[in-house]
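A structural walkthrough
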Amino acid sequence: MARCLMRLLSVLVFLLLQYPVQAEIRVSDDSGRSLVLKQPAGRIVSLYAGHSENLLAIGAGDFLAAVSEGDDPHLFAGVPRLPFRADAEQILALSPDLVLMRPFTESTLGETVRILEKSGVTVASLDPPTWDGMGPYLSKLGIMTGIESAEKLWREKTAAVAKKVPEEGRPRVFLESSFRGLKTCSPSSWAAHVIHLAGGVNVAGGAQPLREGSPLAPWGEERLLTLAMEGIDVYLVQAGAMNPVTEQDVLSRSWISGLENARIVFLPEEYISRPSLFRLEESVDRLFKVLYPEGGVFP
């Protein structure tokens, strides 16, 4: 009897060594949830373009079961697209094991979130990260998808994309993030760091964010014209849903002549303000060509 028990125990140990039990994955999101995944997520519905692009960047693009209608269709060809106010039935039909959104989206989808969670689907609400928060954010995406190199990839990429330019004579840049009240980027924002990596000087580096962690900072026309007297080389306009302006809108402003000789340049918001590891290299390259139109070849 004892010999049989020992033999059975040996078989169980062997099986456990050959097929180890997957430990539960535990993470917390930015809405205060303590999330538990029995295994890495393999079917993900992403309701924010930044989440989708960062999953693509870390190698988890094939895990996407659906993205939002705000996602770049060229990046996710063939992946179902959901409306911003997708209902629970639409999402559940895709059989996801993880739904990613941001707190702003969650605030408009309260009932949908409750139904998803009641149906056993894990919902993670993550804020678009600040620059300093990008590493931990990517690490969290990596943990949920079983990709261990996510944060390391971030460190390597940021080191590789920085442009080598002289400290002296860097172009002075002002970014218009929103025309409403004339807002610029806060010092901790993604946009401020892209300007720096591309070899520019953010002339509104002392801007105070609207609230802690916000990428936006109020500036106003009078302060802008004061800066213009000190010199602005490039007036960069973030164009998109956050700042829906046209070139004609900007050029027709009563104070625009006060910018003197500043070049006015438009850049799509996804290339200047969206926290996207996937777009980082192209974002820096695009802005570098704006700031150094003659090629920017430096010793």
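Everything quoted here is computed from the prediction, not taken from an experiment.

Definitions and limits used
- Residues numbered from 1 in each chain as written.
- Predicted model: local features only at pLDDT ≥ 70, side-chain atom pairs only at ≥ 80, totals over all residues.
- Heavy atoms only, no water.
- 1 Å grid on protein atoms, 1.4 Å probe; cavity = no way out; pocket = protein on both sides within 12 Å on 5 of 7 lines; lining within 4 Å.
- Points joined across faces, edges and corners; volume = space filled by probe spheres on them.
- Nonpolar A, V, L, I, M, F, W, Y, C, P; charged D, E, K, R; others polar.
- Helix = DSSP H or I, 4+ residues; strand = E, 2+ residues; numbered from the N terminus.
- Buried < 20%, exposed > 50% of the residue type's maximum accessible area, 1.4 Å probe, protein only.
- Phe/Tyr/Trp six-rings, centres within 6.5 Å; stacked < 30°, edge-to-face > 60°.
- Lys NZ or Arg CZ within 6 Å of the ring centre and 35° of its normal.
- Contact = heavy atoms within 4.5 Å.
- Pairing = 2+ DSSP bridges.
- Axes fitted to C-alpha atoms, helices over the stretch in contact; angles between N-to-C directions.

**What about empty space enclosed by the protein?**
Applying the stated criterion to the full structure yields 1 cavity of 30 Å³ or more. Taken as a whole, the largest cavity holds about 40 Å³ of empty space. Among the residues making up the lining of the largest cavity, the classes are represented as 6 nonpolar, 3 polar and no charged.

**Here's the deal with the environment of Ser149**
Assignment of secondary structure puts Ser149 in the loop between α6 (134-145) and α7 (150-161). On the basis of relative accessible area, Ser149 is assigned to the partly exposed category, the value being 40%. Through-space distance from the C-alpha of Ser149 to that of Ser139 is 8.0 Å; in sequence the pair is 10 residues apart.

**A word on the environment of Glu282**
Its location among the elements puts Glu282 in helix α11 (residues 277-291). By relative accessible area, which is 38% here, Glu282 ends up partly exposed. Measuring from C-alpha to C-alpha, the distance between Glu282 and Cys185 comes to 19 Å, with 97 residues separating the pair along the chain.

**Concerning the packing of aromatic side chains**
Using the criterion set out here, one finds 7 aromatic pairs in the structure. Their ring planes at 50 degrees and their centres at 4.9 Å tell us that Trp131 and Trp190 sit as a pair that is tilted. Linking Trp131 in the loop between β7 (122-125) and α6 with Trp190 in helix α8 (residues 190-197), this pair joins segments that are 59 residues apart in sequence. Of the two residues, Trp131 and Trp190, both sit in the buried class. Site record: aromatic cluster; members linked through ring pairs are Phe174, Trp219, Tyr235 and Trp255. We note Arg286 situated over the ring of Tyr271; from NZ or CZ to the ring centre the distance is 3.9 Å.

**A word on helix α2 (residues 49-57)**
Given 3.6 residues to a turn, an α-helix orients residues that are three or four positions apart in the same direction. For α2, the tally of buried residues reaches 7 of 9 residues, placing the bulk of the element in the interior. On the buried face of α2, the contacting elements are β3 (44-46), β4 (64-68), β6 (98-101), α6 and α11. Two residues or fewer past α2, Gly59 is found with a positive phi of approximately 95 degrees.

**Points about the sheet that holds strand β8 (residues 172-176)**
The 4 strands lie next to each other as β10-β8-β12-β13, forming an open sheet whose pairing is parallel. For this open sheet the edge positions go to β10 (201-202) and β13 (263-268), each flanked by a neighbour on one side alone. Where β8 lies against β10, 2 bridges are found, and the strand directions are parallel. Looking at β10, one finds that Arg172 is bridged to Val201. Contacts from α11 reach β8, β12 (234-239) and β13, with the element oriented near 170 degrees to β13.

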